[in-house]
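# Per-entry structural report
The lines below spell out each chain.
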Amino acid sequence: DGENSDCTGNTAEAGALTFGYTQDVWFGNLGWQRSTVQNDAAGGLATSGDVDTVSAGLGRRWDALAGWALDASLHGSSQVQSFDNGGGESDITAWTLSLAGEHERLGRIDLSAMTGQVTNPLTNETLDQESLQADYAHGLGKYGELGLYWHDVTDLSGDSGLESSDRTWGLKYSGPCCGAR
């Protein structure tokens, strides 16, 4: 529960059920969540309603391939938001493929690609979402970790008024953790 700047209230309630599975080299999950949001700002016309989300993922792990531990996974989700004002529904569907590898001496690399679609509740137009990510990290022993990253995100392509694109790359450092010396 909270209060908006115009002294109107807002509340959010959620319930979720998730199942996870891990055995030997396989792992997976299945989940469902239902949220109800009530925002009294502007009469709650644009933001109040229910959100239902279903997600599932499946992955596999390979150990000791020339010193590498590798993971591959596919995750999908579908979200439907219905608005109390009768303003339609917003649907979001996304698929993510992730690959990760870790080597004791060479470091860790994570790669992921996501593709998805969003339905604009006002126009019923389907807009695309895409992202690519690459992260590399190498341990520095007691001195922490040094890494490189590159992220490329295109959001809501198909609507020139809403489309955004972001490309980010950089160097990152994480200091020693938890009292390491």
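Residues numbered from 1 in each chain as written. Predicted model: local features only at pLDDT ≥ 70, side-chain atom pairs only at ≥ 80, totals over all residues. Heavy atoms only, no water.

## Observations concerning the overall build of the protein chain
- Scanning the protein chain from terminus to terminus reveals zero helices and ten strands.
- For the protein chain, the α and β elements follow one another from N to C terminus as β-β-β-β-β-β-β-β-β-β.
- Taking all 181 residues of the protein chain together, 22% fall into the buried category. (Helix = DSSP H or I, 4+ residues; strand = E, 2+ residues; numbered from the N terminus. Buried < 20%, exposed > 50% of the residue type's maximum accessible area, 1.4 Å probe, protein only.)

## Some points on the environment of Leu70
- Structurally, Leu70 is set in strand 5 (residues 68–83).
- Residue classification places Leu70 among the partly exposed positions, given a relative accessible area of 29%.
- Residues Leu70 and His103 lie 33 residues apart in sequence; the distance between their C-alpha atoms is 9.0 Å.
- Setting aside residues up to four positions removed in sequence, Leu70 forms contacts with Arg60, Arg61, Trp62, Leu65, Ala100 and Gly101. (Contact = heavy atoms within 4.5 Å.)

## Some words on the confidence of the model for the protein chain
- Per-residue confidence for the protein chain averages 85 on the pLDDT scale, and 86% of its residues sit at or above 70.
- The lowest-confidence element of the protein chain is strand 1 (residues 2–3), averaging 57 in pLDDT; the highest-confidence one is strand 7 (residues 107–119), averaging 94. (pLDDT = per-residue confidence, 0-100.)

## Regarding the environment of Ser78
- Counting through the fold element by element, Ser78 comes out in strand 5.
- In this structure the C-alpha to C-alpha distance between Ser78 and Thr53, which are 25 residues apart in sequence, comes to 5.7 Å.
- Once residues within four sequence positions are removed from consideration, Ser78 is found in contact with Asp52, Thr53, Val54, Ile92 and Thr93.

## Quick word on the pattern of salt bridges
- Within this structure, the stated rule accounts for seven salt bridges.
- Arg108 serves as the salt-bridge partner of Glu145, at 3.5 Å between the closest nitrogen and oxygen. With a gap of 37 residues between them, Glu145 in strand 9 (residues 145–157) and Arg108 in strand 7 connect regions that are remote in the sequence.
- Glu145 gets classed as partly exposed once you look at its relative accessible area, which sits at 24%.
- Residues Lys172 and Asp135 are paired through a salt bridge, measuring 3.5 Å at the closest nitrogen-oxygen approach. With Lys172 in strand 10 (residues 164–174) and Asp135 in strand 8 (residues 126–139), the pair connects residues that are 37 residues apart, well separated along the chain.
- Overall, the relative accessible area of 34% leaves Lys172 in the partly exposed class.
- Overlapping salt bridges, with partners in common, bring together Arg34, Asp50 and Asp52 in one network. (Salt bridge = Lys/Arg side-chain N within 4 Å of Asp/Glu carboxyl O.)

## Some words on the pairing of strand 9
- Pairing of strand 8 with strand 9, which is carried by twelve bridges, proceeds in the antiparallel orientation. Looking across to strand 9, one finds that Asp128 is bridged to Ser157.
- Counted between consecutive antiparallel strands, the loop separating strand 8 from strand 9 contains five residues, among which Gly141 sits at a positive phi close to 60 degrees.
- Examined bridge by bridge, strand 9 and strand 10 share eleven bridges and lie antiparallel to one another. Along strand 10, the bridge assignment pairs Leu148 with Leu171. (Pairing = 2+ DSSP bridges.)

## What to know about the pairing of strand 6 (residues 89–103)
- Two strands pair when backbone bridges link them, and strand 5 and strand 6 are joined in this way by 15 bridges, in the antiparallel orientation. When the sheet's bridge partners are listed, Asp71 is paired in strand 6 with Ala100.
- Two elements, strand 6 and strand 7, share twelve bridges in a ladder whose sense is antiparallel. Paired with Ala100 across the strands is Asp110, a residue of strand 7.
- With antiparallel pairing between neighbouring strands as the criterion, strand 6 and strand 7 make up a hairpin whose turn holds three residues.

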